[in-house]
Amino acid sequence: MTDIFHEIEEDLRRERFRRLWDRYGLYLILLCVAIVGAAGAWSGYRYWTQTQSEASGARFEAANRLIADGNVKDAETALDALSKDGTTGYRVLARFRDAGLLGRTDRAAAVAAYDALATDASVGATGQDVARIRASLLLVDTAPLAEMVQRMQPLADGTGPMRHSARQILALAHFKAGDLKAAGAVAQSILDDPETPPAIRSQGQLIRTLTAAAEAASAP
């Protein structure tokens, strides 16, 4: 008697499953196909992006070899092409490398290239700050103090990793302009920051010493 009830229960279960399959089976098959297709597409995309990145990396290294061999013109051409059709990271690296090469022969063009990077949001906040620092390093010997303050003061007042370099450049700019009091104040801010890198701290200490001596000598 128990076997009969068990068989009836199994028949009912199979019948319910058959009705469910008739109703939803096609959707289940389509869902499985979509999952398999999406997984295949994602794997294909990852492979494609990896090969593209490797190709861009090889082109960047080739440009660096050209620079090392003294073929700067060919390197500039290669970097310019990479900055247009390389993968995202290597496009940015190529633009920075190209601007660095320009700095050897055409300082104004290099500053313009760095300024373009500094205003390009796709470079990222840190990359933009690095571009501002690079441009200011090219300008610190020739630009008016007001321009250097405009460029570097916001970075120097901030808390980002580039604040140390910005303060270093500001102190040099004030010192060059003869504003010893301001140069000493910026140098002191370098010394007061416990996170200042050793090389910049040493330069800050030198500027602070020089400005303190000059201020003492000029005092009545």
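Up top is the structure.
Residues numbered from 1 in each chain as written. Predicted model: local features only at pLDDT ≥ 70, side-chain atom pairs only at ≥ 80, totals over all residues. Heavy atoms only, no water.

Details of the overall build of the protein
(1) Moving on: Across its full length, the protein carries 9 helices and 0 strands.
(2) Moving on: Reading the protein from its N end, one meets helices and strands in the order α-α-α-α-α-α-α-α-α.
(3) Moving on: Contacts spanning at least 24 positions in sequence make up 45% of the contacts within the protein whose residues lie at least 6 apart.
(4) Moving on: Accessible area for the protein stands at about 13,800 Å²; split by element, carbon and sulfur atoms hold 60% of it. (Helix = DSSP H or I, 4+ residues; strand = E, 2+ residues; numbered from the N terminus. Contact = heavy atoms within 4.5 Å. Areas by Shrake-Rupley, 256 points an atom, 1.4 Å probe, with all protein chains shown as cover.)

Some words on helix α5 (residues 125-139)
(1) Moving on: The first and last C-alpha atoms of α5 sit 21 Å apart over 15 residues, in line with the 21 Å expected at 1.5 Å per residue.
(2) Moving on: Every buried residue of α5 is listed here: Gly 127, Gln 128, Asp 129, Ala 131, Ile 133, Ala 135, Ser 136, Leu 138 and Leu 139.
(3) Moving on: As for α5, its buried residues are in contact with α3 (88-105), α4 (107-118), α6 (145-157) and α7 (163-177). (Expected span 1.5 Å × (residues − 1). Buried < 20%, exposed > 50% of the residue type's maximum accessible area, 1.4 Å probe, protein only.)

Focus: the nonpolar core
Within soluble globular proteins, side chains that are nonpolar generally end up buried alongside one another.
(1) Moving on: Of all hydrophobic cores here, the largest spans 30 residues; its most connected members are Phe 96, Tyr 114, Ile 133, Met 148 and Met 152.
(2) Moving on: Going through the elements one at a time, α3, α4, α5, α6, α7 and α8 (180-192) are the ones with two or more residues in this core.
(3) Moving on: Apart from residues no more than four positions distant in its own chain, Met 152 is found in contact with Arg 132, Ile 133, Ser 136, Ala 166, Ile 169 and Leu 170.
(4) Moving on: Of all hydrophobic cores here, the second largest spans 8 residues; its members include Phe 60, Ala 63, Ile 67 and Ala 94. (Core = buried A, V, L, I, M, F, W, Y, C linked by side-chain atoms within 4.5 Å.)

Considerations on the packing of aromatic side chains
(1) Moving on: This structure, assessed with the given rule, holds 1 aromatic pair.
(2) Moving on: Measuring from centroid to centroid gives 6.2 Å for Phe 96 and Tyr 114, while their planes differ by 50°, and the two rings are tilted. Residue Phe 96 is located in helix α3, and its partner Tyr 114 is located in helix α4; the two are separated by 18 residues in the primary sequence.
(3) Moving on: You can call Tyr 114 buried: its relative accessible area is 4%. (Phe/Tyr/Trp six-rings, centres within 6.5 Å; stacked < 30°, edge-to-face > 60°.)

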